Amino acid sequence: GDDTWMQLAPLGTFDAAHLYPSFNVHDLHTVDNGVWQYLNHYLAHPESWEFLVGHYLGLDHAGHSRGVASSGMAQKLAQMDAEVDEIARRLHAEAYPGGPHEHTLLVVLGDHGQTLGGDHGGSSKE
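What counts and what doesn't
- Residues numbered from 1 in each chain as written.
- Predicted model: local features only at pLDDT ≥ 70, side-chain atom pairs only at ≥ 80, totals over all residues.
- Heavy atoms only, no water.
- Patch = residues over 30% accessible without salt bridge, like charges linked within 9 Å, V, L, I, M, F, W, Y side chains within 5 Å.
- Areas by Shrake-Rupley, 256 points an atom, 1.4 Å probe, with all protein chains shown as cover.
- Salt bridge = Lys/Arg side-chain N within 4 Å of Asp/Glu carboxyl O.
- Helix = DSSP H or I, 4+ residues; strand = E, 2+ residues; numbered from the N terminus.
- Buried < 20%, exposed > 50% of the residue type's maximum accessible area, 1.4 Å probe, protein only.
- Contact = heavy atoms within 4.5 Å.
- 1 Å grid on protein atoms, 1.4 Å probe; cavity = no way out; pocket = protein on both sides within 12 Å on 5 of 7 lines; lining within 4 Å.
- Points joined across faces, edges and corners; volume = space filled by probe spheres on them.
- Nonpolar A, V, L, I, M, F, W, Y, C, P; charged D, E, K, R; others polar.
- Axes fitted to C-alpha atoms, helices over the stretch in contact; angles between N-to-C directions.
- Parallel < 35°, antiparallel > 145°, perpendicular 65-115°, else oblique.
- Core = buried A, V, L, I, M, F, W, Y, C linked by side-chain atoms within 4.5 Å.
- Expected span 1.5 Å × (residues − 1).
- Arc of directions from axis to C-beta.

**Section: a nonpolar patch on the surface**
A surface patch of nonpolar side chains, about 230 Å² in accessible area, is lined by Val 84, Leu 106 and Val 108. Positionally, Val 108 belongs in the segment after helix H4 (71–93). You can call Val 108 exposed: its relative accessible area is 55%.

The following block contains the structure:
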């Protein structure tokens, strides 16, 4: 996903990385579609990873470029809801004793909030 991960982690931290440019805030889909493609691959091959990060950016970009009340944000929220739901369903279906995802933990989080105007907010009242 987000190419920033390679700037944050020391060289060699990850066995594999599928990176996309992250600073075009008008592009809501390239990173997210790439993350989804690779997540599907890795979920189908759980023996190939111990720790897996999928860093989507479309929601962040929608907020920054179009605002949090925009149709672009609503569409990205719907897409993310559907994809997280699908990931959770797939993991749950294979989480039986002895199953490939018996010990898999899914953690979903955001790295920051946004003001109504799409900024990070910082010390603002929003």
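**Quick word on the side chain of His 101**
Counting through the fold element by element, His 101 comes out in the segment after H4. Each residue touching His 101, except ones within four places of it in the same chain, is listed here: Leu 43, Pro 46, Trp 49, Leu 91, Glu 94 and Ala 95.

**Points about the layout of surface pockets**
Of the voids in this model, the largest pocket is the one considered here, and its volume is about 1200 Å³. If you trace the largest pocket, you find 38 residues lining it, with Gly 54, His 55, Tyr 56, Val 107 and Leu 109 closest to the centre. Listed by contribution, the elements that provide at least two residues to the lining of the largest pocket are helix H1 (4–8), helix H2 (30–44), helix H3 (58–66) and H4. Of the residues in the lining of the largest pocket, the class split is 21 nonpolar, 12 polar and 5 charged. Considering only enclosed or pocket space, the second largest pocket measures out at about 520 Å³ in volume.

**Considerations on the packing of H2 against H4**
One can describe the packing of H2 onto H4 by two numbers: an axis separation of 11 Å at closest approach and a directional angle of 5 degrees. Classed by the angle they form, the pair H2 and H4 counts as roughly parallel. Between H2, through Asp 32, Asn 33, Trp 36, Leu 39, Asn 40, Leu 43 and Ala 44, and H4, the contact on the second element is made entirely by Lys 76, Gln 79, Met 80, Glu 83, Glu 86, Ile 87, Arg 90 and Leu 91. The residue inventory of the contact of H2 with H4, partitioned by class, reads 7 nonpolar, 3 polar and 5 charged.

**Quick look at the nonpolar core**
With 12 residues, the main nonpolar core is built from Tyr 20, Val 31, Val 35, Leu 39, Tyr 42, Leu 43, Trp 49, Tyr 56, Leu 57, Met 80, Ile 87 and Leu 91. Mapped by element, the contributors of at least two residues to this core are H2 and H4. The biggest single contributor to this core is H2, with 5 residues. Excluding residues within four positions of it along the chain, Leu 43 makes contact with Trp 49, Ile 87, Arg 90, Leu 91, Glu 94 and His 101.

**Section: H2**
For an α-helix the count is 3.6 residues per turn, leaving residues at separations of three or four pointing the same way. In this model H2 runs 22 Å from its N-terminal to its C-terminal C-alpha over 15 residues, within 8% of the 21 Å that 1.5 Å per residue would give. Every buried residue belonging to H2 is among Val 31, Asp 32, Gly 34, Val 35, Leu 39, Tyr 42 and Leu 43, and all of these are buried. In an axial view of H2, the angular spread of the buried residues amounts to 160 degrees, which keeps them on one side of the axis. Buried-residue contacts for H2 involve H3 and H4.

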